[in-house]
Amino acid sequence: MSLFELYFTLGLQHIADLKGYDHILFILVLCAVYSLKEWKRVLILITAFTIGHSLTLALATLQLVKVDGDLIEFLIPLTIFITALVNVISRRQKVSPWQHSLKYGAALFFGLIHGLGFSNYLRSLLGAEKGLALPLFSFNVGIEAGQLIIVVVIMLLTRVVVDLLRMPAREWHLLLSGAGLGISLVLMYERFPF
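Note that this is a predicted model, so its numbers are computed, not measured.

Conventions and cut-offs
- Residues numbered from 1 in each chain as written.
- Predicted model: local features only at pLDDT ≥ 70, side-chain atom pairs only at ≥ 80, totals over all residues.
- Heavy atoms only, no water.
- Helix = DSSP H or I, 4+ residues; strand = E, 2+ residues; numbered from the N terminus.
- Rg over C-alpha atoms; globule rule 2.2 N^0.38 Å.
- Areas by Shrake-Rupley, 256 points an atom, 1.4 Å probe, with all protein chains shown as cover.
- Lys, Arg positive; Asp, Glu negative; His and termini not counted.
- Charge placed at Lys NZ, Arg CZ, Asp CG, Glu CD.
- Phe/Tyr/Trp six-rings, centres within 6.5 Å; stacked < 30°, edge-to-face > 60°.
- Buried < 20%, exposed > 50% of the residue type's maximum accessible area, 1.4 Å probe, protein only.
- Axes fitted to C-alpha atoms, helices over the stretch in contact; angles between N-to-C directions.
- Left-handed = near helix turned anticlockwise from the far one by under 90°.
- Contact = heavy atoms within 4.5 Å.
- Nonpolar A, V, L, I, M, F, W, Y, C, P; charged D, E, K, R; others polar.
- Salt bridge = Lys/Arg side-chain N within 4 Å of Asp/Glu carboxyl O.
- Expected span 1.5 Å × (residues − 1).
- Arc of directions from axis to C-beta.

(A) Looking closely at the overall build of the chain. If you tally the helices and strands in the chain, you get seven helices and zero strands. The linear arrangement of helices and strands in the chain, starting from the amino end, is α-α-α-α-α-α-α. Relative to the 2.2 N^0.38 estimate, which gives 16 Å for 194 residues, the radius of gyration of the chain is 17 Å and therefore close to what a compact globule would have. Dimensions of the chain, computed from the C-alpha atoms along their principal axes, are close to 55 × 40 × 30 Å. Taken as a whole, the chain presents about 10,400 Å² of accessible surface, with 70% of it coming from carbon and sulfur. The averaged location of the 12 negative side-chain charges in the chain is 12 Å from the averaged location of its 15 positive side-chain charges.

As structure tokens, this is what we get:
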């Protein structure tokens, strides 16, 4: 197995690992209010999130940025909570371009926080590696592949529930976002760093 394949697989496994379900939960609430027809908006959101976490993943892995791990572990469910809360209180009748831009900016910012969470795991794997560029790139590509798989599953599940089973879209959005809201509250309580 090549170095690229090794770190790609580790990145894919890391995002898909149910022990780290907080990252999966963030992607779920990020996509919860979108239908398959809105895939372009979802792609922009995920790309913004990716840019954010790629940046801090690189900076933290190279030890150019250091943030307390306990604080990051608290902030990750806080990002889930905020995203889910916005989903629950917004009514999505007509969303203006600046509201979309605000969501993209929030996804980028929250990606910065999640990247710091990924970096702790990656740094522990990189101990014996001489060069960091290829493992860092490969790991990140693996995470992205995993995220895209999760997004596709969420979008297809939404299609089945809303379009085929005829559940009202707003109820489905509230169900997903409400679940994210509740789980994030528990995680924030468990991980409160102060």
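(B) Focus on the packing of aromatic side chains. Inspection of the entire model under this criterion finds six aromatic pairs. Seen in terms of ring centroids, Phe 4 and Phe 137 are 6.3 Å apart; in terms of plane orientation they differ by 40°. Their pairing is tilted. Note that Phe 4 is positioned in helix H1 (residues 3-16) and Phe 137 in helix H6 (residues 133-164), a separation of 133 residues in sequence. The exposure class assigned to Phe 4 is partly exposed, which follows from its relative accessible area of 31%. By the ring-pair criterion, three or more aromatic residues cluster together here, those being Phe 26, Phe 49, Phe 109 and Phe 110.

(C) Broad picture of the packing of helix H2 (residues 21-31) against helix H3 (residues 39-61). Closest axis-to-axis distance for the H2/H3 pair is 10 Å, and the angle between their directions is 145°. The two elements H2 and H3 cross, and the hand of that crossing is right-handed. Contacts between H2 and H3 pair Phe 26, Ile 27, Leu 30 and Cys 31 from the former with Val 42, Leu 45, Ile 46 and Phe 49 from the latter. Considering only residue class, the contact of H2 with H3 consists of eight nonpolar, no polar and no charged.

(D) Up close: the pattern of salt bridges. Following the criterion strictly, the structure yields four salt bridges and no others. Salt-bridge contacts for Glu 73 lead to Arg 191; the nearest nitrogen and oxygen are separated by 3.5 Å. Note that Glu 73 is positioned in helix H4 (residues 69-89) and Arg 191 in helix H7 (residues 169-191), a separation of 118 residues in sequence. Judged by its relative accessible area of 28%, Glu 73 falls in the partly exposed class. Taken together, the shared-partner salt bridges in this structure form one network comprising Asp 22, Glu 73 and Arg 191.

(E) Examining H1 more closely. In this model, H1 (14 residues) spans 20 Å end to end at C-alpha, consistent with the 20 Å of a helix rising 1.5 Å per residue. Considered for burial, the residues of H1 that qualify are Tyr 7, Leu 10, Gly 11, His 14 and Ile 15. The buried residues of H1 occupy an angular sector of 125° when the element is viewed end-on, so they sit on one face.

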